[in-house]
Amino acid sequence: TFPDTKPAIVRAFNIGTNIESTFTNNNYYEGAYFGGHYGPVSDFNLIKTFTLNDLANYVDGLKTAQNNYPNKFDLIERISAGYFMNTVDFGKLRVMAGLRFEGTNMDTFGYNVTLYPAGSPNCPTSTGCGTPVPVKTNASYIDPLPSVTLRYALTPDSDIRAVYGRGISRPDPYQLVPYVTQNDSTNPATVAIGNPNLRPTHANNYDLLYERFLRPIGMIQAGVFYKQLSSPLLKTLVTPSTGEWAGVPVTQEVNGTNSYIAGFEISYQQHFTFLPGPLKALGAMTNYSYTASRVKSLPGRTDRPALQWQVPHTWNISPTYDHGRVSIRVGMNYNAASIYSYSYQAASDTTGAGPTGPAGDQYLHSHFQVDAQGSVRIYRGLTAVAYGLNLNNAVDWYYVGRPIYVQQMSFFRPTIAIGFKYNFAHER
């Protein structure tokens, strides 16, 4: 990473430094480009050597280390699995049970890095630097994942399902990379820490569902659910009061304590073929869900907020029209506000306003969006297609604590596209 030193760099290259590679190609793309002659080209290793030896005073050492070492990592994830299952019918009751085993091995390599600002006596140059320490980790575990489904037929077109299943959600590989990046160029300094000790989240899922199939095409579903989560993966921003990072904002993925998600959902889908005339081509797909969730504890906090990214209210309405050559879909989607990341710390809340104040958690604001798509078959395999996204010009925005404390707003105009497609298989 260079500061604004282009004139100095140009002068340095003009003094005769050889950065040319020996690579040449006299039959480039069989002579289709550049008369078949490609080159000369520069040699990356020569440029690197020249930069380190001759331009050290112009390289921003702190930013180079900050952008370099956290992105130097190696990981190997191996997952092996096997399962067995069986289905048994007892009159109207069907029982499906199974057991799946998953074995996980994760090898990671990364760096713990401390950054020093320009002028630091810890650096060989005056532009700052970073000190890396390589770290290797290995995680290995086996998970038995049982599941049981009970389906009782009420009528030929309706049933009740009771389902239990155990699931697993592993950390993203990069979250396990053991790096520490301390940026002393900010005030106060900021720290980002990888967490090779992250454990996977396990969930016991319980569902009770009623289903009714409508003729000729359609379905009604309604159900309740409850999920027990152990060691949920949480993204936190904390400012410790003691220890190595006392008074420094620290971002890290951590495992929370046992948590839960509960709620209910209902959906309806049908083609209205019973309506007269052209109206019988109409249809609809709708659903609504309510979700309540709680984290039992978070580092540095006494409250019990909702889980990250868990939307309490969400619904979708999608009218459809399919008649002859014409097919149209409209989608209306709503998501209520939800916690995007945990940022609140009582120790650093100078306002005293609590989690809903200007030092509260980061939220993703509620969002309502309208999309549409349609197609018209013109002739044989030729079809005209069109779609529009975000037709209501919805805004994406984040806030802290309450909507009055806006953090970021992103404006997106509608996206509209029109085109044609041809299906050659139609001619066969």
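As a starting point, this report considers the structure included with it. Here the structure is a predicted model, which means the values were calculated and not measured. (Residues numbered from 1 in each chain as written. Predicted model: local features only at pLDDT ≥ 70, side-chain atom pairs only at ≥ 80, totals over all residues. Heavy atoms only, no water.)

### Some points on the overall build of the protein
Within the protein, the secondary structure is distributed over three helices and 21 strands. Relative to the compact-globule value of 22 Å for 428 residues, the protein shows a C-alpha radius of gyration of 30 Å, a clear excess of over 25%. Considered along the principal axes of its C-alpha atoms, the protein spans approximately 85 × 65 × 50 Å. The buried share of the protein, reckoned over its 428 residues, is 32%. Within the protein, residue pairs in contact and separated by at least 24 positions form 62% of the contacts whose partners lie at least 6 positions apart. For the protein, the accessible area works out to roughly 25,400 Å², and carbon and sulfur atoms hold 57% of it. (Helix = DSSP H or I, 4+ residues; strand = E, 2+ residues; numbered from the N terminus. Rg over C-alpha atoms; globule rule 2.2 N^0.38 Å. Buried < 20%, exposed > 50% of the residue type's maximum accessible area, 1.4 Å probe, protein only. Contact = heavy atoms within 4.5 Å. Areas by Shrake-Rupley, 256 points an atom, 1.4 Å probe, with all protein chains shown as cover.)

### A closer look at empty space enclosed by the protein
Using the criterion set out here, one finds three cavities of 30 Å³ or more in the structure. Its boundaries defined by the atoms lining it, the largest cavity holds a volume of some 50 Å³. Lining the largest cavity, in full, are Glu77, Thr104, Met106, Ala139, Tyr141, Arg170, Pro171, Leu176, Leu198 and Pro200. Looking at the lining of the largest cavity, its residues break down into seven nonpolar, one polar and two charged. Estimated volume of the second largest cavity: approximately 40 Å³. Around the second largest cavity sit Met106, Thr108, Thr137, Asn138, Ala139, Leu176, Pro196 and Leu198, which together line it. A per-element tally of the lining of the second largest cavity places strand E3 (residues 129-155) first, with three residues. (1 Å grid on protein atoms, 1.4 Å probe; cavity = no way out; pocket = protein on both sides within 12 Å on 5 of 7 lines; lining within 4 Å. Points joined across faces, edges and corners; volume = space filled by probe spheres on them. Nonpolar A, V, L, I, M, F, W, Y, C, P; charged D, E, K, R; others polar.)

### Observations concerning the layout of surface pockets
One number sums up the size of the second largest pocket: a volume of about 290 Å³. Along its surface, the second largest pocket is lined by 15 residues, and Ser169, Thr201, Pro232, Leu233 and Trp309 are the ones closest to its centre. Taken together, the residues that form the lining of the second largest pocket break down as six nonpolar, five polar and four charged.

### Some points on the sheet that holds strand E15 (residues 338-341)
Ordered by their spatial adjacency, four strands build an open sheet running E15-E16-E19-E20, and the pairing between neighbours is antiparallel. The sheet terminates laterally at E15 and strand E20 (406-411), the two strands that pair on one side only. When strand polarity is set aside, the average angle formed by the axes of neighbouring strands in this sheet is 25 degrees. Pairing of strand E19 (residues 395-400) with E20, which is carried by five bridges, proceeds in the antiparallel orientation. Of the residues in E20, the one forming a bridge with Tyr399 is Val406. (Pairing = 2+ DSSP bridges. Axes fitted to C-alpha atoms, helices over the stretch in contact; angles between N-to-C directions.)

### What about the state of the cysteines?
Counted under the stated rule, the structure contains one disulfide. The disulfide partner of Cys123 is Cys129, and the gap between their sulfur atoms is 2.2 Å. Measuring the twist about the S-S bond at about -80 degrees, one finds the Cys123-Cys129 disulfide to be left-handed. The buried category is assigned to Cys129, whose relative accessible area is 11%. (Disulfide = S-S within 2.5 Å.)

### Here's the deal with the nonpolar core
Soluble globular proteins tend to pack their nonpolar side chains together in the buried interior. Leu229, Leu234, Ile261, Val295, Leu298, Leu307 and Tyr342 are the most contacted members of the largest nonpolar core, which totals 13 residues. For Leu234, the contacting residues outside a window of four places in its chain are Gln252, Glu253, Val254, Gly256, Val295, Leu298, Leu307, Gln308 and Tyr342. Residues Ala189, Ile193, Val248 and Val250 belong to the second largest nonpolar core, which totals eight residues. (Core = buried A, V, L, I, M, F, W, Y, C linked by side-chain atoms within 4.5 Å.)

### Focus: the pattern of salt bridges
Taken as a whole, this structure holds nine salt bridges when the rule is applied. Of the charged contacts in the structure, one is a salt bridge between Asp89 and Arg94, with a shortest N-O distance of 2.8 Å. Between Asp159 and Arg151 there is a salt bridge, with the nearest N and O atoms lying 3.2 Å from each other. Classification of Arg151 as partly exposed rests on a relative accessible area of 24%. (Salt bridge = Lys/Arg side-chain N within 4 Å of Asp/Glu carboxyl O.)

Any link to function would need more than the numbers given here.
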